[in-house]
Amino acid sequence: MNKIEQTVYDLALPVVEEQGLELWDVEYVLEAGQRYLRVYLDSPVGVDLDDCERVSRLLDPMLDEKDPIPDSYVFEVGSAGCERQLKRPSDFERFLGELVEVKLYSAVDGSKQWIGTLRSYDDSDVTVDSGGEHRFTSKQIASVRLHVEF
């Protein structure tokens, strides 16, 4: 997390928890020339539009008051989603045994995308079982997301 994301995370955490929700992630990104601040929520019973709206209305004035971001940006609050990105060790521990999609910077055995069961997470290395176990180092991994087959 960069400094802005960490500052917003620290501001948002108590607000989100007071609403009975989990703060999954905060991202501050530049897309097509526009900056976006996104706060992602989670809950064991799911996150709905009312949850997102309520958290947005509570956080918006706090962000205006604290002004942690010098640039103009679009503020969004949403669900982490069923194919959420796994970033922190706790994310990986929580979803051990689940189906994930690992995207790599460079192909390994002819593929840059691996879908399999998350078997382990050790010092940022990820092992998945996709008809055989494959271990990927943090330097190889572009992203890891939960994978849902429809």
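Peer 1: I'd like a rundown of the overall build of the chain, residues and numbers included.
Peer 2: Assigned secondary structure in the chain consists of three helices and eight strands. Along the chain, helices (α) and strands (β) appear in the sequence α-β-β-α-β-α-β-β-β-β-β when read from the amino end. Seen along its three principal axes, the alpha-carbon backbone of the chain occupies a region of about 50 × 35 × 30 Å. Here the chain, with 150 residues, has 39% of them falling under the buried criterion. The contacts in the chain between residues at least 6 apart in sequence include a share of 53% that link residues at least 24 apart. When the accessible area of the chain is evaluated, it comes to approximately 8700 Å², of which 46% is carbon and sulfur surface. Charged side chains in the chain number 16 positive and 31 negative. The centres of these two groups are separated by 4 Å.

Peer 1: Break down the nonpolar core for me, with residues and values.
Peer 2: Ranked by size, the top nonpolar core spans 22 residues in total, and within it Val-8, Leu-37, Val-39 and Leu-41 carry the most contacts. Among the secondary structure elements, those contributing two or more residues to this core are helix H1 (3–18), strand E1 (22–31), strand E2 (34–42), helix H2 (49–66) and strand E3 (74–79). If one sorts the elements of this core by residue count, H1 sits on top with seven residues. When neighbours within four sequence positions are excluded, Val-39 is seen to be in contact with Val-8, Leu-23, Asp-25, Val-26, Leu-59, Phe-75, Glu-76, Val-77 and Gly-78. Judged by nonpolar contacts, the second largest core, of 16 residues, contains Ala-80, Leu-86, Val-102 and Leu-118.

Peer 1: Before we move on, can you summarise the layout of surface pockets with the specific residues and values?
Peer 2: What the largest pocket holds in volume is close to 190 Å³. Around the largest pocket, the lining residues are Gln-85, Leu-86, Lys-87, Phe-92, Tyr-121, Ser-124, Val-126, Ser-138, Ile-141, Ala-142, Ser-143 and Val-144. Among the elements that line the lining of the largest pocket, the one with the most residues is strand E8 (residues 141–146), at four residues. Tallied by class, the residues present in the lining of the largest pocket amount to seven nonpolar, four polar and one charged.

Peer 1: A description of the sheet that holds E1 should follow, citing residues and the corresponding values.
Peer 2: The three strands are arranged E1-E2-E3 in an open sheet whose pairing can be described as mixed. Two strands lie at the open edges of the sheet, namely E1 and E3, each paired on one side alone. Averaged over all pairs of adjacent strands, the angle between their axes in this sheet comes to 20°, without regard to strand direction. Bridge analysis of E1 against E2 gives nine bridges, and the strand direction is antiparallel. What sits directly across from Asp-25, in E2, is Tyr-40. Running over the sheet, H1 touches E1 and E2 and is turned about 145° from E1. Across the sheet, H2 is in contact with E2 and E3; its angle to E3 comes to roughly 145°.

Peer 1: So what's going on with the packing of aromatic side chains? Which residues, and what values?
Peer 2: Scanning the model with the defined rule gives three aromatic pairs in all. When the ring of Trp-24 is compared with that of Phe-95, the centres are 6.1 Å apart and the planes differ by 65°; the resulting orientation is edge-to-face. Of this pair, Trp-24 sits in strand E1 while Phe-95 sits in the loop between helix H3 (89–94) and strand E4 (99–108), placing them 71 residues apart in sequence. Taking the relative accessible area as the measure of exposure, Trp-24 reaches 3% and is therefore buried. Ring plane angle 50° and centroid distance 5.7 Å describe the contact between Trp-114 and Phe-136, whose orientation is recorded as tilted. In this pair, Trp-114 is assigned in strand E5 (residues 111–122) and Phe-136 in strand E7 (residues 133–136), connecting sequence segments 22 residues apart. For Trp-114, a relative accessible area of 11% gives the class buried. Note that Arg-38 overlies the ring of Tyr-36, its terminal NZ or CZ placed 4.6 Å from the centroid. Lying over the aromatic face of Trp-24, Arg-84 brings its terminal NZ or CZ to 4.7 Å of the ring centre.

Parameters and conventions
Residues numbered from 1 in each chain as written. Predicted model: local features only at pLDDT ≥ 70, side-chain atom pairs only at ≥ 80, totals over all residues. Heavy atoms only, no water. Helix = DSSP H or I, 4+ residues; strand = E, 2+ residues; numbered from the N terminus. Buried < 20%, exposed > 50% of the residue type's maximum accessible area, 1.4 Å probe, protein only. Contact = heavy atoms within 4.5 Å. Areas by Shrake-Rupley, 256 points an atom, 1.4 Å probe, with all protein chains shown as cover. Lys, Arg positive; Asp, Glu negative; His and termini not counted. Charge placed at Lys NZ, Arg CZ, Asp CG, Glu CD. Core = buried A, V, L, I, M, F, W, Y, C linked by side-chain atoms within 4.5 Å. 1 Å grid on protein atoms, 1.4 Å probe; cavity = no way out; pocket = protein on both sides within 12 Å on 5 of 7 lines; lining within 4 Å. Points joined across faces, edges and corners; volume = space filled by probe spheres on them. Nonpolar A, V, L, I, M, F, W, Y, C, P; charged D, E, K, R; others polar. Pairing = 2+ DSSP bridges. Axes fitted to C-alpha atoms, helices over the stretch in contact; angles between N-to-C directions. Phe/Tyr/Trp six-rings, centres within 6.5 Å; stacked < 30°, edge-to-face > 60°. Lys NZ or Arg CZ within 6 Å of the ring centre and 35° of its normal.

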